[in-house]
Amino acid sequence: HTYPEETMLAIAKQLREDHTKFETAQRYLYFENLMERMNTGDVSSTVFLETSRYLSSETNSLVVLAWARQLLWFKNSLFMAENTHLFDKYMHTLFKPHIEKTMAREIEETKDWNLALFYQTMFYFGVKWRHEAALVRGKENVKRFLRGKHVNVIYLSFGLRHHKALVKKSWMKLLKILNTYPRSHIEFALIIGHLCKTRNVKQQRYILNYSLKCHKMPRSHKKKVLCRVSARNPQLGWAFFKKHYHTYFALFGEAQFTFDDLVECVTGNLSTQKEYKDVRDFFKGHPVGSGAAGLKRGLHSISLNVSKRSGNGSTHRRVDYDEVFTQFLDKLDDKELARR
């Protein structure tokens, strides 16, 4: 239905007072309609924010998950640091009941993708906002995993992500666990992902070399290792790619989308004019194969990064979201901004 804004604001008020007046399917379809109309500019972001106020009482995990995605998107669209901080507190209030409910149960692994993603999202929020149950559960399960025990991948993922000191101390142990592959494809992907998050240059070199030499590692993960290290250390990733170019070209050069993405991720985080020239000159003397489009995007990204470093980037696109949120804040009660 194409409701006028006045009607949509009245629906937002009704949802806050008693959301069960609408069936679950109606609430989900209404949310999709709201997002579609907001994205096309048919309704304002104010309606979106006003409607979100009921979310702490929502009972359906699929609806909560859909809102979580869009609220995170809105937060990332804010430019002012103070607004980002306040919006984070607002989100904390909305999701706190869902986090506590999730942490009160023993989460079982499920083949229901949406349910698994809901649990992961609530666990992420729980750790992000320092909920004790989420922090303890994550840490305990990382310790169990390092002792060789099976661990629910939802706990393992956020335990690895948020107990950085423990993971840093156990970096080599995590690497050795890879040699027991295939325990689980998901476990393997998680471990690789967290090993690549290291900022230690020696460890970054180690995992890059390991990825090329390890015969057990699937080809797709060899690509992911290089891309993830390049995201944290663009200069090392580019240097390693150049040194082992013939190996990577033999692995991926004829696979259109794979090599296309690889070239872009290895070059796209570089940020100086000298690096731009180095990339351009390198590929003048080496075949780019199926990576031509990725090279073009990578060079474009370097140019944008050079502009940002020189202070020529523009921020006007996000200002309107800050204005909308600032006006929305005036309508909130104190209890709608979480006190930490």
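Look above for the structure.
Below you will find a few notes about this structure. (Residues numbered from 1 in each chain as written. Predicted model: local features only at pLDDT ≥ 70, side-chain atom pairs only at ≥ 80, totals over all residues. Heavy atoms only, no water.)

Structural notes on the state of the cysteines
Consideration 1: If you walk through the whole model with that rule in mind, you get 1 disulfide.
Consideration 2: Each disulfide pairs two cysteine sulfurs, and for cysteine 227 the partner residue is cysteine 265, the sulfurs being separated by 1.9 Å. The sign of the S-S torsion, about -65°, decides the handedness of the disulfide formed by cysteine 227 and cysteine 265: left-handed. In this pair, cysteine 227 is assigned in helix α13 (residues 219–232) and cysteine 265 in helix α16 (residues 256–267), connecting sequence segments 38 residues apart. With respect to burial, cysteine 227 and cysteine 265 carry one shared label: buried.
Consideration 3: Left without a disulfide partner, cysteine 196 is nearest to the cysteine sulfur of cysteine 227, which lies 9.8 Å away.
Consideration 4: With no disulfide of its own, cysteine 214 has cysteine 196 as its nearest cysteine by sulfur position, at a separation of 12 Å. (Disulfide = S-S within 2.5 Å. Helix = DSSP H or I, 4+ residues; strand = E, 2+ residues; numbered from the N terminus. Buried < 20%, exposed > 50% of the residue type's maximum accessible area, 1.4 Å probe, protein only.)

Considering a positive patch on the surface
Consideration 1: A grouping of Lys139, Lys143, Arg144, Arg147, Lys149, Lys169 and Lys173 is seen on the molecular surface, where their side chains present a positively charged patch.
Consideration 2: A relative accessible area of 38% places lysine 143 in the partly exposed class. (Patch = residues over 30% accessible without salt bridge, like charges linked within 9 Å, V, L, I, M, F, W, Y side chains within 5 Å. Areas by Shrake-Rupley, 256 points an atom, 1.4 Å probe, with all protein chains shown as cover. Salt bridge = Lys/Arg side-chain N within 4 Å of Asp/Glu carboxyl O. Lys, Arg positive; Asp, Glu negative; His and termini not counted. Charge placed at Lys NZ, Arg CZ, Asp CG, Glu CD.)

Details of unusual backbone geometry
Consideration 1: Positive phi is not limited to glycine here, since arginine 130 has a value of about 60°.
Consideration 2: Examined against the element boundaries, arginine 130 turns out to sit in the loop between α6 (113–128) and α7 (132–146).
Consideration 3: Judged by relative accessible area, arginine 130 falls into the exposed class, the value being 59%.

Brief notes about the packing of helix α2 (residues 24–39) against helix α4 (residues 61–76)
Axis angle and axis distance: for two packed helices, these are the angle between their axes and the distance between the axes, and together they describe the pair.
Consideration 1: As a packed pair, α2 and α4 sit with axes 10 Å apart at the nearest point and diverge in direction by 20°. Taken together, the axes of α2 and α4 are roughly parallel relative to one another. Crossing geometry of α2 relative to α4 is assigned as left-handed. Packed against α2, whose contacting residues are Thr24, Tyr28, Phe31, Leu34, Met35 and Met38, the element α4 presents Leu62, Val63, Ala66, Trp67, Gln70 and Trp73 at the interface.
Consideration 2: Among the residues forming the contact of α2 with α4, the class breakdown is 10 nonpolar, 2 polar and no charged. (Axes fitted to C-alpha atoms, helices over the stretch in contact; angles between N-to-C directions. Parallel < 35°, antiparallel > 145°, perpendicular 65-115°, else oblique. Left-handed = near helix turned anticlockwise from the far one by under 90°. Contact = heavy atoms within 4.5 Å. Nonpolar A, V, L, I, M, F, W, Y, C, P; charged D, E, K, R; others polar.)

Observations concerning the nonpolar core
Consideration 1: Within the largest apolar cluster, 94 residues are counted, with the highest numbers of intra-cluster contacts made by Phe95, Phe241, Leu262 and Phe283.
Consideration 2: Sorting elements by how many residues they give to this core places helix α5 (residues 81–103) first, with 8 residues. (Core = buried A, V, L, I, M, F, W, Y, C linked by side-chain atoms within 4.5 Å.)

What about the packing of α13 against helix α14 (residues 234–243)?
Consideration 1: Taken N-terminus to C-terminus, the directions of α13 and α14 make an angle of 140°; their axes are 5 Å apart at the nearest point. Taken together, the axis directions place α13 and α14 in an arrangement best described as oblique. Each of Leu226, Val229, Ser230 and Arg232 in α13 lies in contact with α14, whose residues at this interface are Pro234, Leu236, Gly237, Phe240 and Phe241.
Consideration 2: Residue composition of the contact of α13 with α14, by class: 6 nonpolar, 2 polar and 1 charged.

That's the geometry; what it means functionally is another story.
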